[in-house]
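# Understanding the architecture of this molecule
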Amino acid sequence: MADRRGTRNFDRAALLAAIPLIAVLPLWAVAMVPFWLALNLVVEISYFAAAGIYVVAGLALFVPVVQRVVLTRLIGARRPTAEEAPRLQRAFNEVAQALHVRDRGFALGVVDADAVNAFASGGHLVVVTSYAARHLDHDALCGVIAHEFCHHLGSHTIALTMQQWLMLPVTTLARLGAYLRNVALAASDTFARSSGPAQRVGRVIAAIFNGLSWFFEIGSVASHALSNVVGRSAEFRADQRVISMGYGRQLADALRRTTTHHTERPTRWSRLLETHPPARTRIARIEGTLRRRRR
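Not measured: the values here are computed from a predicted model. (Residues numbered from 1 in each chain as written. Predicted model: local features only at pLDDT ≥ 70, side-chain atom pairs only at ≥ 80, totals over all residues. Heavy atoms only, no water.)

## Concerning the overall build of the chain
Each helix and strand counted, the chain has 12 helices and three strands in total. Put simply, the chain has 295 residues, and 44% of those count as buried. Accessible surface, the chain: about 16,100 Å² in total, of which carbon and sulfur atoms supply 62%. (Helix = DSSP H or I, 4+ residues; strand = E, 2+ residues; numbered from the N terminus. Buried < 20%, exposed > 50% of the residue type's maximum accessible area, 1.4 Å probe, protein only. Areas by Shrake-Rupley, 256 points an atom, 1.4 Å probe, with all protein chains shown as cover.)

Written out as structure tokens, the structure reads:
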């Protein structure tokens, strides 16, 4: 069965997650060119070799020890504090035992945020917010961690992690272009103020950097939006798997806490940047499934 406890598989949501990964490949290939040219100044290497090394380095992120040491820092997570660790570890151990997860490579991380949230990354990393770690009761915390475990068991995080890795050169160039644009504008206004032609050249250079920045920035936002649209199916799929594991009520209780942090109605455009479906929608689906199972 697809939802057999402790069994990893590639469900439909995991296959859909490959769409944003494939879509970002052309943008990543373009973004790698400047880095390859800079690297080629130091050591002679072909573009395809440099790109291949970068992809292999991304695959290393799925090694448990690399996730604990490197990936946690890349996503801004930290180790649980002395106050958070006992509560998190108790819930983590209970869920791992209930799901019959034998892989000891799973690790817990915390990100500082004043909201109830959590996410899975790599193949073994479960990250919760500091607010959730400190303020959710044990049952609700179990529901949240079970949901993230189910992302891993459904292999939802594999394509997403690789997509985020490939997007690093893209976002770096977007920020670098914006920085160089500001430098060019400042230089033209300061040093070329008395020379009209020099000032125009400076503004042309600034416009070129601005165009490059916008090109990669728009690509980054589009990739993020596509990933969120596709990722919502993974959230619903993980919710259903949580129910089959016996943690549906606990997850619904945790989701109710998130509704107190979102009082404004999201706009059509803001929904594209939402990483999760609306909590009320997820609660309604979970409760509907629980009612059907009780019948």
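## Section: the packing of helix H5 (residues 84-98) against helix H7 (residues 138-153)
Closest axis-to-axis distance for the H5/H7 pair is 9 Å, and the angle between their directions is 55 degrees. When the interaxial angle is binned, H5 and H7 end up oblique. For the pair H5 and H7, the crossing hand works out as right-handed. Two secondary-structure elements touch here, H5 through Arg87, Leu88, Arg90, Ala91, Phe92, Glu94, Val95 and Ala96 and H7 through His138, Leu141, Cys142, Ile145, Ala146 and Phe149. Classifying every residue of the contact of H5 with H7 gives 10 nonpolar, one polar and three charged. (Axes fitted to C-alpha atoms, helices over the stretch in contact; angles between N-to-C directions. Parallel < 35°, antiparallel > 145°, perpendicular 65-115°, else oblique. Left-handed = near helix turned anticlockwise from the far one by under 90°. Contact = heavy atoms within 4.5 Å. Nonpolar A, V, L, I, M, F, W, Y, C, P; charged D, E, K, R; others polar.)

## Here's the deal with the packing of helix H2 (residues 18-40) against helix H3 (residues 47-59)
Close contact between H2 and H3 brings their axes to 10 Å; oriented N to C, the two are set at 110 degrees. One element, H2, and the other, H3, form an angle in the roughly perpendicular class. Residues Trp28, Ala29, Met32, Val33, Trp36 and Leu39 of H2 pack against Tyr47, Ala50, Ala51, Tyr54 and Val55 of H3. Its residues assigned to classes, the contact of H2 with H3 shows 11 nonpolar, no polar and no charged.

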